[in-house]
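# Descriptive structure summary
Listed below are the residues making up each chain.
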Amino acid sequence: MGNPPELYHKILNIPKDTSPQEIRAAYKNLVKKWHPDKHPPSSKPEAEARFKAISEAYEALLDQQENRAVFGLCNDGRAGERATGAFGGGGLGADIGARMERTRSDDFCTRSAPGTPAREFKKVYSSGNSGGRRAFAEFSSSIMRKAPPLERKLECTLEELCRGCKKEVKFTRDVVTKNGSIVKKEVSQMVMVKPGWRKGKQVVFEGMGDERPGCLPADAIFTVSEKKHQTFKRVGNDLVLKVEVPLVSALTGWSFSFRLLSGKKVTVAFHDEVICPGHEKVIGGEGMPIPEQKGARGDLKVKFEVVFPKELPDEQRAGLAEILKGSC
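Residues numbered from 1 in each chain as written. Predicted model: local features only at pLDDT ≥ 70, side-chain atom pairs only at ≥ 80, totals over all residues. Heavy atoms only, no water.

### What to know about the pattern of salt bridges
- Under the counting rule described, the total for this entry stands at 9 salt bridges.
- Taking the shortest distance from any N to any O, the salt bridge between Arg 173 and Glu 211 comes out at 3.5 Å. Highlighted residues: Arg 173 in strand 2 (residues 165-176) and Glu 211 in the loop between strand 4 (202-205) and strand 5 (220-226), separated in sequence by 38 residues. Each member of the pair, Arg 173 as well as Glu 211, is classed as buried.
- In this structure, the salt-bridge partner of Glu 292 is Arg 198, at a minimum N-O distance of 3.4 Å. With Glu 292 in the loop between strand 10 (280-283) and strand 11 (300-307) and Arg 198 in the loop between strand 3 (182-193) and strand 4, the pair connects residues that are 94 residues apart, well separated along the chain. (Salt bridge = Lys/Arg side-chain N within 4 Å of Asp/Glu carboxyl O. Helix = DSSP H or I, 4+ residues; strand = E, 2+ residues; numbered from the N terminus. Buried < 20%, exposed > 50% of the residue type's maximum accessible area, 1.4 Å probe, protein only.)

Now the structure itself:
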């Protein structure tokens with residue numbers, strides 16, 4: 001057999017510290033499910049491979065359990081006493097006792113899998129039977145391998161990422177038919193976009209990607225991408241709004257209105273202050289929702305860019321110089 005115990009545990013779908021009774025129960029349930037006689041011709045090859053792999057994993061784990069028990073008893077001196085009393089010889093008696101235990105486990109195999117005698121198990125898993133080893137290798141490798149993921153973009157507007165929404169995604173995947181050929185199939189899935197999701201967030205549909213013979217179905221992965229917005233730019237959880245202010249308005253007073261992503265109208269007014277180049281006004285709690293903190297939001301940062309005239313007539317230049325004299 002010679003495969004790592006982790007693989008056998010994975011085949012039987014049991015944890016590493018499973019008891020012999022639990023191993024038997026898991027084996028019994030799986031052989032009932034995957035016995036080839038219970039499957040139609042289309043799925044019979046897969047059932048046979050799984051059935052053989054499950055049986056080998058079962059025998060290997062039971063052998064491991066029995067070996068631990070025997071060596072454990074030998075180490076503390078009780079195994080020799082039991083074997084001598086029963087068979088009249090230390091090492092030989094222990095060996096015969098171990099063989100009897102193996103016989104009982106083989107007998108359990110016979111009872112748990114009707115129609116498959118213990119000698120047939122020996123035949124399938126013997127070192128000289130390449131078919132049994134090949135079937136096990138194919139199945140064990142399939143549970144360890146997965147087809148490459150099918151990756152797509154999930155384009156969202158800032159409004160959708162701010163409010164949350166439902167988006168239907170359609171994509172084409174490769175599907176393996178009963179006769180082993182690969183065909184294209186169009187499928188659709190619904191994605192629940194939650195408020196505050198960021199660019200790069202991934203939504204995974206397990207097993208909904210491409211299928212390949214001998215492999216587990218791939219996952220379909222959709223990565224959130226953010227469409228460029230005409231008004232706002234997202235920076236982390238904050239929103240940034242850039243506004244151009246004419247020089248005369250920056251000096252004499254100004255007000256303007258705009259709508260947030262939620263649709264709410266906001267007015268910003270400057271009456272008693274001068275808007276300097278690079279001035280920034282922060283409106284708290286009007287940015288993007290923060291998914292990790294219920295009810296929390298980032299800030300809205302309004303950045304002002306003062307627009308200077310490209311040229312001034314001499315008369316205006318002189319007038320401005322007179323007006324602004326002494327103001328700095």
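### Things to note about the side chain of Asp 210
- Along the chain, Asp 210 turns up in the loop between strand 4 and strand 5.
- The buried charged residue Asp 210 lacks any salt bridge, with Arg 212 as its nearest oppositely charged partner at 4.2 Å.
- Polar side-chain contacts of Asp 210 include one of 2.8 Å to the backbone nitrogen of Asp 174. (Lys, Arg positive; Asp, Glu negative; His and termini not counted. Polar contact = N/O pair within 3.5 Å; in protein donor to acceptor, adjacent residues only side chain to side chain.)

### A word on the sheet that holds strand 7 (residues 238-246)
- Strand order in the open sheet made by the 4 strands is 6-7-11-10, with mixed pairing throughout. Pairing within the sheet leaves two strands with one partner each, and these edge strands are strand 6 (232-235) and strand 10. Geometrically, the sheet is characterised by an average inter-axis angle of 30 degrees between neighbouring strands, direction not taken into account.
- Bridge count between strand 7 and strand 11: 8 bridges; the pairing is parallel. Within strand 11, the position partnered with Lys 242 by the bridge is Lys 303. (Pairing = 2+ DSSP bridges. Axes fitted to C-alpha atoms, helices over the stretch in contact; angles between N-to-C directions.)

### Let's talk about helix 1 (residues 5-12)
- What helix 1 keeps buried is the set Leu 7, Tyr 8, His 9, Ile 11 and Leu 12.
- Trailing helix 1 by a residue or two, Asn 13 shows a phi angle of about 60 degrees, which is positive.

### Some words on the side chain of Thr 18
- Turning to its location among the elements, Thr 18 is positioned in the loop between helix 1 and helix 2 (20-34).
- One polar contact links the side chain of Thr 18 to the main-chain carbonyl oxygen of Pro 15, over a distance of 2.6 Å.

### Quick look at the sheet that holds strand 4
- An order of 1-5-4 is seen for the 3 strands of this open sheet, with the pairing classed as mixed. Of all strands in the sheet, those bounded by a partner on one side alone are strand 1 (150-156) and strand 4. Between one strand axis and the next, the sheet turns by 25 degrees as a mean value, whatever way the strands run.
- Both strand 1 and strand 5 contribute to a ladder of 7 bridges, which runs parallel. Bridge assignment links Glu 155 to a residue of strand 5, and that residue is Ser 225.

### A short note on the pairing of strand 9 (residues 265-270)
- Burial of the side chains of strand 9 is restricted to one face: Val 266, Val 268 and Phe 270 are buried, whereas none of Lys 265, Thr 267 and Ala 269 on the reverse face is.
- Here strand 8 (residues 254-259) runs beside strand 9; their pairing, made up of 6 bridges, is antiparallel. Across the sheet, the residue bridging to Trp 254 is Phe 270, located in strand 9.

### Topic: the nonpolar core
- Within the largest apolar cluster, 38 residues are counted, with the highest numbers of intra-cluster contacts made by Phe 256, Phe 258, Leu 300 and Phe 304.
- If sequence neighbours within four positions are ignored, Leu 300 has contacts with Phe 232, Leu 239, Leu 241, Phe 258, Leu 260, Lys 281, Val 282, Ile 283, Glu 286 and Gly 287.
- Residues Leu 7, Leu 30, Ala 47 and Phe 51 belong to the second largest nonpolar core, which totals 20 residues. (Core = buried A, V, L, I, M, F, W, Y, C linked by side-chain atoms within 4.5 Å. Contact = heavy atoms within 4.5 Å.)

### Quick notes on unusual backbone geometry
- Not every positive phi belongs to a glycine, and Asn 13 is a case in point at roughly 60 degrees.
- Assessed through its relative accessible area of 68%, Asn 13 is described here as exposed.

### Concerning the packing of aromatic side chains
- With the rule as written, the count across this model stands at 9 aromatic pairs.
- Their ring planes at 65 degrees and their centres at 6.4 Å tell us that Phe 232 and Phe 258 sit as a pair that is edge-to-face. You can see Phe 232 sitting in strand 6 and its partner Phe 258 sitting in strand 8, a full 26 residues away along the chain.
- What makes Phe 232 buried here is its relative accessible area of 5%.
- Seen from their ring centres, Trp 254 and Phe 256 are 4.8 Å apart, and the 20 degrees between their planes marks the pair as stacked.
- Members of the aromatic cluster, connected to one another through ring pairs, are Phe 232, Trp 254, Phe 256, Phe 258, Phe 270 and Phe 304.
- A cation over a ring is seen here: Arg 50 above Trp 34, with NZ or CZ 4.5 Å from the ring centre. (Phe/Tyr/Trp six-rings, centres within 6.5 Å; stacked < 30°, edge-to-face > 60°. Lys NZ or Arg CZ within 6 Å of the ring centre and 35° of its normal.)

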